[in-house]
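Take a look at the letters that make up each chain.
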Amino acid sequence: MTDQVEQKAINKIDIEPNQKTWLDKQLKHWQQEEIISTEQKRQIQILYRTKATRDNNWATGILVAIGALLIGGGIIMLFAHNWEYLGKGVRTFLSFLPLVLAQALAIYSYKKQSHSAAWWEASATLVFMTIAASIALIGQTYHIYGDLERFVLTWLLLGIPLVYLLRSSMVLILCTILIVWLCTFEGKLYWLFFALLFPYWIYAYKNKVNAAFYWSTWLAAIGFAIALMLSSLFRRSFLDFYPVIFLLLMSAAYFLLGKILFAKANNSFWKNPLSSLGAIGIGLFSIIISSEGNRSSYYGREGVILNWESYIDLGLYFSALAFIIFGLGKYFKHLKFHQWLMVASGLVAILALLDFAQWISLLGWLFIGMNLYILVCSSLIIIRAIEEGKTLLLNAGLIWLSSLIALRFFDSDVSILGKGIVFILIGSAFIGINVWFNKKRKQQLQRQELNHD
Amino acid sequence: MISYLNKLWKKNIWLPIAGLVFLIQLLVPAYMIFEQQQTLKYGELHKFKIRPIDPYDPFRGRYVVLSFEAVTNAIPYSPHDKIAAEDVKSAPKRNDWVYAIITTDEKGYAKFSELKIDRPKSDENFLRVQIRYSNIHNSASIIIPFDRYYAPENKAYSIEDQVRRRSRNSQDNVYVAVRVRNGKGTIEDLYINEVPILEFVESNQKKAN
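Residues numbered from 1 in each chain as written. Chains lettered and ligands numbered in written order. Predicted model: local features only at pLDDT ≥ 70, side-chain atom pairs only at ≥ 80, totals over all residues. Heavy atoms only, no water.

A. Looking closely at the nonpolar core. The biggest cluster of nonpolar side chains holds 127 residues, and the ones touching the most others in it are Phe128, Ile245, Tyr317 and Tyr373 of chain A. Excluding residues that lie within four positions of it along the chain, Phe128 of chain A makes contacts with Trp155, Gly159, Leu162, Val171, Leu174, Cys175 and Leu178 of chain A. Listed in part, the 37 residues of the second largest apolar core include Tyr77, Ala110, Ile131 and Val176 of chain B. (Core = buried A, V, L, I, M, F, W, Y, C linked by side-chain atoms within 4.5 Å. Buried < 20%, exposed > 50% of the residue type's maximum accessible area, 1.4 Å probe, protein only. Contact = heavy atoms within 4.5 Å.)

Structure follows, in structure tokens:
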């Protein structure tokens, strides 16, 4: 008997702490009423176990980390005050003191608070901020050049290991911000720093460490796109030559990647950052392409600089395209048709390649294709949303479709003749889809009735 | 990859790696201090004439931005580099690094005589600088790296004010003393008529009271 209970104890049932309190109270009561014996009470208690409240733990963690961020910022500002009456020696000592203390706190967190996300997050954030304080104070003491790029770069390089050492989502977010800053103001290939954060992201994804995972994924995905595009302006690479097409390609790749990685996310908007962001991107950039046709770069084809930095951009372009072609084939059955079509929007990138190679340029016609594409795809989304009763999806489809129609109506770029043709096409396609959809519905209903009979 | 990460948090691996990372985090600022000290100690002294303005840097508090007379005009490339600089592809572009040779004018202030693309020999006085923009006539405008003087919050404004007034007045000499070593320069102090700026401002404030 006892053996059986011990056996069951291995498969304990997880319950919330308040449920446990209630259970203990009731057991005590039953025992007093002599419904159960002390032994039975013990056996029942063995069956249950309080669930580890990781989320709560994490919520405290992020609050404490924000606190640490504020304290760190405060330390930087205290230093920025510039205490001229302190000698160079004292200031040198002061610039190391907060950093050393924060590092000591990190070691303490690791040794004594190994299960507390709060301690880990807070100490990582503090170390990260005190690195900046330390470098800034030294810069101030010695009037070291106002080279902000070098300052941010040093800060970033010294800070990135903290993401791994202390599993810190806050530092991950802060590093993302620094990378975006570098790409926005300095260009170059700084977006490659995202590669250093990627292994941790995979780890967090596998372990679903906490809600911060979704936060940081949203931020990192947006940050990566901004960083890449803005830095490409600086190096006048191929990406800059077809910016909107590349953004559409990237959105499609994000969308597909999200659908593959977060397949179990129950289609939740928030919990699938990559797909949600990709869908927004596909909607936005397809509308832009549908409006302007092909507006080539300011510098023209000759302005595109082909150096190794550009080749890395090109490599990225080809990998995204290859990923999409692979995904379209492999996941044809897994994706719903409208989702598959959304991924297919990335194929536009092929046209850009053909145009760049000067084999055949279809970019002039692209806007027509894009109009039809949005029309079909958004209609399918609306239909799907009605069938599945999904409000968010329905609204997304409607916004996409209606912004297309509104824009076409007010477009001044297209000649009246062109406008007329496009409108007739849009109208006929719209009616066609509706007729087709109704027929399908009727057939479906008839089939259902037959089945019932 | 994940298994590597899981190993990272084991005690016998985490502690040495964390120790190493923390040590590097301390060594980098320490090296920055060391480099500055070396320049201040062994660097050659040059006086640069200046005119300032005063913005606000959220990271580093109040400072006075120094604008140098020595870089008012574009600086020519050295005859040796002229051919290279004329070629569009090899010509230095914005933010590229070049070497500016420092000489002294008749009044004893520093000026830049020419720019070199390759690193000069160590017996020459030179600064490693970035190009602001290149001109067609074999010359370029450069960015001086030591362009800010950090000042106490309550004194930055009066420093700027003094320097602005004094630098317009030809009788006063406003300059920064810069130590230069191996292409790097560090500000020693900012002077008005041979008096360090903080002393000058303080004595002026006392006079005003």
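B. Looking closely at the environment of Val163 of chain A. Residues and elements named next belong to chain A. When you line up the elements, Val163 lands in helix H7 (residues 148-165). Taking C-alpha positions, Val163 is 42 Å from Ser403, a pair spaced 240 residues apart along the chain. Contacts of Val163, omitting those with residues within four sequence positions, involve Ser168, Val171, Leu172, Cys175, Leu197 and Tyr200. (Helix = DSSP H or I, 4+ residues; strand = E, 2+ residues; numbered from the N terminus.)

C. Quick peek at the interface of chain B and chain A. Of the residues lining the interface, 44 residues belong to chain B; the matching set on chain A comes to 45 residues. Taken together, the two surfaces of chain B and chain A that pack against each other cover about 4300 Å², and 71% of this comes from carbon and sulfur. For the interface between chain B and chain A, the tally reads 9 residue pairs in polar contact (both at pLDDT 80 or more). No other element matches the 18 residues that helix H2 (residues 11-42) of chain B contributes to the side of chain B that touches chain A. (Buried area = accessible area lost by both parts, 1.4 Å probe. Polar contact = N/O pair within 3.5 Å; in protein donor to acceptor, adjacent residues only side chain to side chain.)

D. Representation of the sheet that holds strand E7 (residues 126-134) of chain B in the model. All names here are of chain B. Strand order in the open sheet made by the 5 strands is E4-E8-E7-E5-E6, with antiparallel pairing throughout. Single-partner strands in this sheet number two, and they are strand E4 (75-76) and strand E6 (110-116). In this structure, strand E5 (residues 97-104) lies alongside E6, joined through 6 bridges in antiparallel fashion. When the bridges of E6 are listed, Ile101 appears paired with Glu114. (Pairing = 2+ DSSP bridges.)

E. Structural view of the side chain of Gln103 of chain A. Following the sequence through the fold, Gln103 of chain A ends up in helix H5 (residues 88-112). Classification of Gln103 of chain A by relative accessible area gives buried; the value is 5%. Setting aside its immediate chain neighbours within four residues, Gln103 of chain A contacts Val127 of chain A together with Phe22, Gln25 and Leu26 of chain B.

F. Local environment of the packing of helix H15 (residues 337-344) of chain A against helix H17 (residues 363-388) of chain A. Residues and elements named next belong to chain A. The interhelical angle for the contact between H15 and H17, taken along N-to-C directions, is 155°, at an axis separation of 9 Å. The orientation of H15 with respect to H17, classified from their angle, is roughly antiparallel. Relative to H17, the crossing made by H15 is left-handed. Residue-level inspection shows Phe337, His338, Leu341 and Met342 of H15 in contact with H17, the latter providing Tyr373, Val376, Cys377, Leu380, Ile381 and Arg384. Residue classes in the contact of H15 with H17 are distributed as 8 nonpolar, 1 polar and 1 charged. (Axes fitted to C-alpha atoms, helices over the stretch in contact; angles between N-to-C directions. Parallel < 35°, antiparallel > 145°, perpendicular 65-115°, else oblique. Left-handed = near helix turned anticlockwise from the far one by under 90°. Nonpolar A, V, L, I, M, F, W, Y, C, P; charged D, E, K, R; others polar.)

G. Broad picture of the pairing of E5 of chain B. Residues and elements named next belong to chain B. Bridging between E5 and E7 involves 5 bridges; their strand directions are antiparallel. Across the sheet, Tyr99 pairs through a bridge with Arg128, a residue of E7. In this antiparallel pair of consecutive strands, E5 and E6, the connection spans 5 residues, and Gly108 shows a positive phi of 95°.

H. How the structure looks around the packing of aromatic side chains. Tallying each qualifying case throughout the model produces 27 aromatic pairs over all chains. Both rings, one in Phe151 of chain A and one in Trp155 of chain A, keep their centres 6.0 Å apart while their planes meet at 45°; by these two values the pair is tilted. Note that Phe151 of chain A and Trp155 of chain A are positioned in helix H7 at a spacing of 4 residues, about one turn of the helix. Through pairs of rings, three or more aromatic residues link up here, namely Tyr164, Tyr200 and Tyr203 of chain A together with Trp9 of chain B. Of note, Arg167 of chain A hangs over the ring of Trp9 of chain B, and the distance from its end group to the ring centre comes to 4.3 Å. (Phe/Tyr/Trp six-rings, centres within 6.5 Å; stacked < 30°, edge-to-face > 60°. Lys NZ or Arg CZ within 6 Å of the ring centre and 35° of its normal.)

I. Fine view of the side chain of Ser216 of chain A. Inspection of the secondary structure puts Ser216 of chain A in helix H10 (residues 212-235). Beyond its immediate chain neighbours, meaning those up to four positions away, Ser216 of chain A contacts Leu172 and Ile173 of chain A.

J. Region of the structure containing the environment of Val422 of chain A. Of note, Val422 of chain A is situated in helix H19 (residues 416-452). As a C-alpha pair, Val422 of chain A and Leu398 of chain A span 24 residues in sequence and 19 Å in three-dimensional space.

K. Region of the structure containing the pairing of strand E11 (residues 184-192) of chain B. Residue and element names in this part refer to chain B. With 7 of 9 residues buried, E11 lies mostly within the body of the structure. Sheet analysis places strand E10 (residues 174-181) next to E11, joined by 8 bridges and oriented antiparallel. Counterpart to Val178 in the pairing with E11 is Ile187. In this antiparallel pair of consecutive strands, E10 and E11, the connection spans 2 residues, and Asn182 shows a positive phi of 50°. Sheet topology note: the E11/strand E12 (residues 195-196) ladder contains 2 bridges and is antiparallel. Considered in E12, the bridge of Ile192 is made with Val195. Hairpin connection of E11 to E12: 2 residues between the antiparallel strands, including Asn193 at a positive phi of 50°.

L. Representation of unusual backbone geometry within the structure. All names here are of chain A. With a phi angle near 60°, Glu34 is a residue other than glycine that sits in the positive phi range. For Arg167, which is not glycine, the phi torsion reads 45° and is therefore positive. Position of Arg167 among the secondary structure elements: in the loop between H7 and helix H8 (169-186).

M. Quick peek at a nonpolar patch on the surface. A cluster of nonpolar side chains, namely Trp215, Leu219, Phe269, Trp270, Ile280 and Leu392 of chain A, defines an oily patch on the protein surface of about 610 Å² accessible area. By relative accessible area, Ile280 of chain A is classed as partly exposed at 45%. (Patch = residues over 30% accessible without salt bridge, like charges linked within 9 Å, V, L, I, M, F, W, Y side chains within 5 Å. Areas by Shrake-Rupley, 256 points an atom, 1.4 Å probe, with all protein chains shown as cover. Salt bridge = Lys/Arg side-chain N within 4 Å of Asp/Glu carboxyl O.)

N. Looking closely at the pattern of salt bridges. Tallying each qualifying case throughout the model produces 4 salt bridges over all chains. Taking the shortest distance from any N to any O, the salt bridge between Lys20 of chain A and Asp24 of chain A comes out at 3.8 Å. In this pair, Lys20 of chain A and Asp24 of chain A are both assigned in helix H2 (residues 17-32), 4 residues apart and thus about one turn of the helix distant. Using a relative accessible area of 18% as the deciding quantity, one classes Lys20 of chain A as buried. Glu35 of chain B is the partner of Lys184 of chain B in a salt bridge, and the nearest nitrogen-oxygen pair spans 2.5 Å. Taken together, the positions of Lys184 of chain B in strand E11 and Glu35 of chain B in helix H2 put the pair 149 residues apart, joining distant regions of the chain. Look at Glu35 of chain B and you get buried, because its relative accessible area is 18%.

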